[in-house]
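# Per-entry structural report
Letter by letter, the chains look like this.
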Amino acid sequence: MLDVSEDVRAEIGDDEADRLLGGAHAPDAYDCTSCRQPGDSLREPTSTVLFVGDETAVLAFAHSRCIPSQVVMVSEEQLLGAVRSISQAQGSATGPAAPPLPGGAPAFAVPGGPATAAGIPAPAPVQAAGAAARAATAPTAPTAPAGAAPVAGNQPAVLGVTCGLVLCGDTGHAALVVEPTGPVGRPGSNSGEDEFLSLLVEHGFQQVTEVNRAPARPLAGWSVLMAIGQLHAILQPSATGGSAAWWQAHQPLQVTDAWRAAAAKQSEVIMYAVPAETIGRQPREDLLRFALDRAASQGRLVAGMLPLAGT
């Protein structure tokens, strides 16, 4: 029931991957590194998640329904801090040591996994008044589906992500608003035309004319990754199957209790997207809603309903 992705296999080597699949180093029971709930690798599909720092690597385990098997790059300080916190919580060693990774970096098999989760790499989030929170991706983060590239100055655009509650009818929905810092075009395009919204529409997002109406159906293959109550990533379908990060936070983004409760209750999050310089930073949710309504009236707003992965 264990899944070892090609990326994980490439990091730990074929021999260790085969030993894991044979049950040599995989725990029968574990705490999912995403949702933190108990898992059983003998009874339910389980993902291997390899957290790699500068000198240390930690192998953790997760429900396959929460996150796919993958390699997650984290800072050495963050990784060692997670290992220490787990050791203190368990009152003993974190688990059986796995053979060293190629290059001599020691690996540790941690049944509970680090306190972070897949898709980590954002400046420290700003908790705004009125329960909106915002973070931005690094310039290296993907900026549009299917490899689309920004065209402004041939430099990658930065994606800003704002979290807030949006009222649709009588129901408050957990929502993300994604806005790039510059125009986003297709690969190889030098026209300077911003095609951010058209690219998203081609991948299933819908033009929004009325914010009061939520998207009808979840968007296939897309999801919002939460772990330990924090926002980590927006995942999109991968060309090789499974999911890949479309947006990642540099460090987990804190969200409000109300946002987290709405997302957990509905098991889904609305993702809105706008072109650059449409929404900006809104310190309160009422101002965020006003900006969304204005963007919809201008034909500058698309949305999709994304399932929630993790908790």
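To start, this report covers the structure provided alongside it. (Residues numbered from 1 in each chain as written. Predicted model: local features only at pLDDT ≥ 70, side-chain atom pairs only at ≥ 80, totals over all residues. Heavy atoms only, no water.)

Turning our eyes to something else, we now look at the overall build of the protein. Regarding its fold elements, the protein presents 6 helices and 20 strands. Classification of the 311 residues of the protein by burial places 50% in the buried group. Counting only carbon and sulfur atoms, one obtains 52% of the accessible surface of the protein, whose full area is about 13400 Å². (Helix = DSSP H or I, 4+ residues; strand = E, 2+ residues; numbered from the N terminus. Buried < 20%, exposed > 50% of the residue type's maximum accessible area, 1.4 Å probe, protein only. Areas by Shrake-Rupley, 256 points an atom, 1.4 Å probe, with all protein chains shown as cover.)

Taken together, the buried positions of helix α2 (residues 14-21) are occupied by Glu16, Ala17 and Leu20. For α2, the angular spread of the buried residues around the axis is 100°, confining them to a single face. A positive backbone phi angle near 90° is found at Gly23, which sits one or two residues after α2. (Arc of directions from axis to C-beta.)

A word on the pairing of strand β16 (residues 223-227). β16 sits mainly inside the fold: 5 of its 5 residues count as buried. As paired elements, β16 and strand β17 (residues 230-237) share 5 bridges and run antiparallel to each other. Its bridge partner being in β17, Ser223 is matched across the sheet by Leu235. What sits between β16 and β17 in their antiparallel hairpin is a turn of 2 residues, with Ile228 showing a positive phi close to 55°. Relative to strand β20 (residues 302-309), β16 runs parallel, the two sharing 2 bridges. Residue pairing across strands places Val224 opposite Leu308, the latter belonging to β20. (Pairing = 2+ DSSP bridges.)

This part is about the pattern of salt bridges. In this structure the tally under the stated criterion is 8 salt bridges. The shortest N-O distance in the salt bridge between Asp14 and Arg9 comes to 3.3 Å. When the shortest N-O distance is used, the salt bridge between Asp18 and Arg9 registers 3.3 Å. The exposure class assigned to Arg9 is buried, which follows from its relative accessible area of 17%. Residues joined in a network through salt bridges with shared partners are Arg9, Asp14 and Asp18. (Salt bridge = Lys/Arg side-chain N within 4 Å of Asp/Glu carboxyl O.)

Let's shift gears to the nonpolar core. In this structure, Leu176, Phe196, Leu231, Ile234, Trp246 and Trp259 are the most contacted members of the largest nonpolar core, which totals 32 residues. With residues up to four places along the chain from it excluded, the contact list for Ile234 reads Leu176, Val178, Trp222, Ser223, Ala244, Ala245, Trp246, Trp247, Met271 and Leu306. Core analysis: the second largest hydrophobic core is formed by 26 residues, Val58, Ala62, Ile67 and Ala233 among them. (Core = buried A, V, L, I, M, F, W, Y, C linked by side-chain atoms within 4.5 Å. Contact = heavy atoms within 4.5 Å.)

What follows covers unusual backbone geometry. For Ser267, which is not glycine, the phi torsion reads 55° and is therefore positive. Relative to the helices and strands, Ser267 is located in the loop between α5 (257-266) and β19 (268-273). According to the relative accessible area criterion, Ser267 is partly exposed, its value standing at 44%. For Glu277, which is not glycine, the phi dihedral falls at a positive 65°.

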